[in-house]
Amino acid sequence: MVLTATSTNNVKVYTVSGSNLARKIPDWLARRKRKELQKDIEWSTRIELIQDFGFPEAALRIKATPDGTHCMATGLYKPQIRVFDFANSSMKFDRHTDTENVNFLIMSEDWTKSVHLQNDRTLEFHNEGQMHYRARIPRFGRDLAYHSPSCDVLVGGASSEVYRLNIDQGRFMTPFQTQSESGVNVVEVNPAHQLFGFGTEDGTVEFWDPRARNRIGALEPTIPNLLQPVAGTRGGFEITALDFRADGLGAAVGTSSGHVLLYDLRQARPWQIKDQQYGLPIKVLKWLEPTRSYSGDSADTEGAKIMSADSRIIKLWAVESGKPYTSIEPPCDINDVCVSPGTGLVYVAGESSDIQTYF
């Protein structure tokens, strides 16, 4: 079977698996008509990168484990968690939950420890065998992050406070009181120096020092000539995505107006502003550093890239110049995007029963 490919700026993107690649047939019908399907060329030559790589209705979130051997995804209906084994190209197990998932974190090198933020104001801690513990937070949560040196799970939501659950002591600590009146949409931890970043509904990004537990700075991004400002925000938009660069100095900020701003933390003004062109909130931001060849030289001559995604399209563009590199437009609305390190594979969780896979 020939893989479907699209080319943007002479960069080919192959559709490895997904609902637009192979014909979907219900499992019960496939079992009943197995002999007839063996004569069907399209069915017999279909490609499934990972068996049962999807959900009955839609996928909500997807993340790869730090060791790169598994990936974990949440979806519905019914609300459930699924873990997929890359080595065996199959689903390892699925586990049903009481409510839908908002976001989750993998807290170990493999899939055995994870924390899930649910839409009923609960935090669920899962191990390899079962749901281990459930804790309830005062307000509905929107995002979470994990600070490993202090063992704090940070949860931001429909409140000016960022809640701190210490899993070493097993209790809630004093929350961080932000200056946002509407709530906190995004919570991130800088991988280099552990600086906390909180993207607020008011359109600001607050930075907190975990050692002093105080706010040490804030960004108030502005976008010139914004056509549809959001009432009640300082810059006319909300902060919907945030990602720190591995060197500790770069920060990418996504807005509800569909703009991406790149900052050096030593400066108050962005050095790059990109418009996603669709006016939809940015859902996913990721820094993609250039890979190294076997000789030690950089295999990518254009340097680092930014991957920005809204509910309609995924775009990759150069950090320094802002030049477009390529784009991916799945056949369904995008909920989350996962990049498998060192493989070139991109997994897209969206409003489809299949998890789309691109190379």
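Predicted, not measured: the structure shown is a model, and the values here were computed from it.

Trainee: Help me understand the confidence of the model for the protein in this model?
Mentor: Interpretation of the predicted coordinates at a detailed level should be avoided for regions scoring low in pLDDT. Mean pLDDT over the protein stands at 84; residues scoring 70 or higher make up 84%. A low-confidence stretch, residues 293–299 stays under pLDDT 50, and its non-local contacts, those more than four residues away or across chains, total seven contacts.

Trainee: What should I look at first to understand the pattern of salt bridges in this one?
Mentor: Any two side chains of opposite charge can pair, given that their charged atoms come close. Within this structure, the stated rule accounts for ten salt bridges. In this structure, Arg-215 engages Glu-206 in a salt bridge whose closest nitrogen and oxygen atoms are separated by 3.7 Å. Asp-209 is paired through a salt bridge with Arg-211; the nearest N and O atoms lie 3.1 Å apart. Judged by relative accessible area, Arg-211 falls into the exposed class, the value being 71%. Through salt bridges with shared partners, one network takes in Asp-98, Glu-124 and Arg-134.

Trainee: Can you help me understand a negative patch on the surface in this one?
Mentor: A cluster of acidic residues, Glu-57, Glu-100, Asp-333 and Glu-351, forms a negative patch on the protein surface. If you trace the backbone, Glu-100 turns up in the loop between β6 (90–96) and β7 (101–106). Looking at Glu-100, the relative accessible area reads 37%, which means it is partly exposed.

Trainee: Whenever I open this one, the sheet that holds strand β19 (residues 239–244) confuses me. Can you help?
Mentor: Strand pairing in a sheet relies on backbone hydrogen bonds. The paired strands run either parallel or antiparallel. Ordered in space as β19-β20-β21-β22, the four strands form an open sheet in which the pairing is antiparallel. In this open sheet, the two strands that pair with only one neighbour each are β19 and β22 (272–275). Recorded for the sheet is a direction-independent mean angle of 15 degrees between the axes of neighbouring strands. Alignment of strand β21 (residues 259–264) against β22, held across four bridges, turns out to be antiparallel. Across the sheet, the residue bridging to His-259 is Asp-275, located in β22.

Trainee: What's the story with the packing of aromatic side chains in this structure? I'm lost.
Mentor: Each aromatic ring pair is described using two quantities: the centre-to-centre distance and the angle formed by the ring planes. Counting across every chain of the model gives ten aromatic pairs. An aromatic cluster is defined as three or more aromatic residues linked by ring pairs; in this entry it consists of Phe-53, Phe-84, Phe-86 and Tyr-347. When the ring centre of Phe-104 is taken as origin, the NZ or CZ atom of Lys-63, which lies over that ring, is 4.7 Å away. The ring of Tyr-325 has Lys-305 sitting right over it, with the charged end atom 4.7 Å from the ring centre.

Trainee: What exactly am I supposed to notice about the pairing of strand β3 (residues 58–64) here?
Mentor: Along any regular strand, the residues point their side chains to alternate faces of the sheet. Sheet analysis places β3 next to strand β4 (residues 70–76), joined by six bridges and oriented antiparallel. Note that in β4 the partner of Arg-61 across the bridge is Thr-74. The hairpin formed by β3 and β4 contains five residues between the paired strands, and Gly-68 there has a positive phi angle of roughly 75 degrees.

Trainee: Explanation requested: the side chain of Arg-164 in the structure shown.
Mentor: Here Arg-164 shows up in strand β13 (residues 161–166). Only 3.2 Å separates the side chain of Arg-164 from the side chain of Asp-152, close enough to count as a polar contact. A distance of 2.8 Å separates a polar atom in the side chain of Arg-164 from the backbone oxygen of Thr-174. Setting aside residues up to four positions removed in sequence, Arg-164 forms contacts with Asp-152, Val-153, Leu-154, Arg-171, Phe-172, Met-173, Thr-174, Pro-175, Phe-176 and Arg-213.

Trainee: Looking at this model, I keep getting lost on the environment of His-259. Mind explaining?
Mentor: For His-259, the position within the fold is in strand β21. By relative accessible area, His-259 is classed as buried at 11%. Each C-alpha atom of the pair His-259 and Phe-237 lies 9.6 Å from the other, and the pair is 22 residues apart in sequence.

Trainee: I keep staring at the sheet that holds strand β18 (residues 214–219) and nothing clicks. Help me out?
Mentor: Read across the sheet, four strands follow the order β15-β16-β17-β18 without closing on themselves; strand pairing throughout is antiparallel. Looking at the sheet topology across the chains shown, the edges are occupied by β15 (184–189) and β18. Taking the axes of each pair of neighbouring strands and ignoring which way they run, one obtains an average angle of 25 degrees across the sheet. In this sheet, strand β17 (residues 205–209) lies alongside strand β16 (residues 196–200) in antiparallel orientation, the contact comprising four bridges. Of the residues in β17, the one forming a bridge with Gly-199 is Val-205.

Trainee: Mind showing me how you'd approach unusual backbone geometry here?
Mentor: Trans peptide bonds make up most of the peptide bonds, and negative phi angles are found at most residues other than glycine. A cis geometry characterises the amide bond from Leu-76 onward to Tyr-77, with omega recorded as -5 degrees. Mapped onto the elements of the fold, Tyr-77 is located in the loop between β4 and β5 (80–85). Residue Lys-78 follows Tyr-77 across a cis peptide bond; omega there is 10 degrees. Within the fold, Lys-78 resides in the loop between β4 and β5. The backbone phi angle of Cys-151 is positive, close to 60 degrees, even though this residue is not glycine. Mapped onto the elements of the fold, Cys-151 is located in the loop between β11 (141–147) and β12 (152–157).

Trainee: Please explain the nonpolar core as it appears in this structure.
Mentor: Counting 15 residues, the largest nonpolar core has Phe-53, Ile-62, Cys-71, Ala-73, Phe-84, Tyr-347 and Ile-355 as the members making the most contacts within it. Contributions of two or more residues to this core are made by β3, β4 and β28 (346–350). Discounting residues that sit within four places of it in the chain, Ala-73 has contacts with Phe-55, Arg-61, Ile-62, Gln-80, Ile-81, Arg-82, Phe-84, Phe-104 and Ile-355. Membership of the second largest hydrophobic core comes to 14 residues, among which are Val-186, Phe-207, Leu-219 and Tyr-263.

Criteria and cut-off values
Residues numbered from 1 in each chain as written. Predicted model: local features only at pLDDT ≥ 70, side-chain atom pairs only at ≥ 80, totals over all residues. Heavy atoms only, no water. pLDDT = per-residue confidence, 0-100. Contact = heavy atoms within 4.5 Å. Salt bridge = Lys/Arg side-chain N within 4 Å of Asp/Glu carboxyl O. Buried < 20%, exposed > 50% of the residue type's maximum accessible area, 1.4 Å probe, protein only. Patch = residues over 30% accessible without salt bridge, like charges linked within 9 Å, V, L, I, M, F, W, Y side chains within 5 Å. Areas by Shrake-Rupley, 256 points an atom, 1.4 Å probe, with all protein chains shown as cover. Lys, Arg positive; Asp, Glu negative; His and termini not counted. Charge placed at Lys NZ, Arg CZ, Asp CG, Glu CD. Helix = DSSP H or I, 4+ residues; strand = E, 2+ residues; numbered from the N terminus. Pairing = 2+ DSSP bridges. Axes fitted to C-alpha atoms, helices over the stretch in contact; angles between N-to-C directions. Phe/Tyr/Trp six-rings, centres within 6.5 Å; stacked < 30°, edge-to-face > 60°. Lys NZ or Arg CZ within 6 Å of the ring centre and 35° of its normal. Polar contact = N/O pair within 3.5 Å; in protein donor to acceptor, adjacent residues only side chain to side chain. Core = buried A, V, L, I, M, F, W, Y, C linked by side-chain atoms within 4.5 Å.

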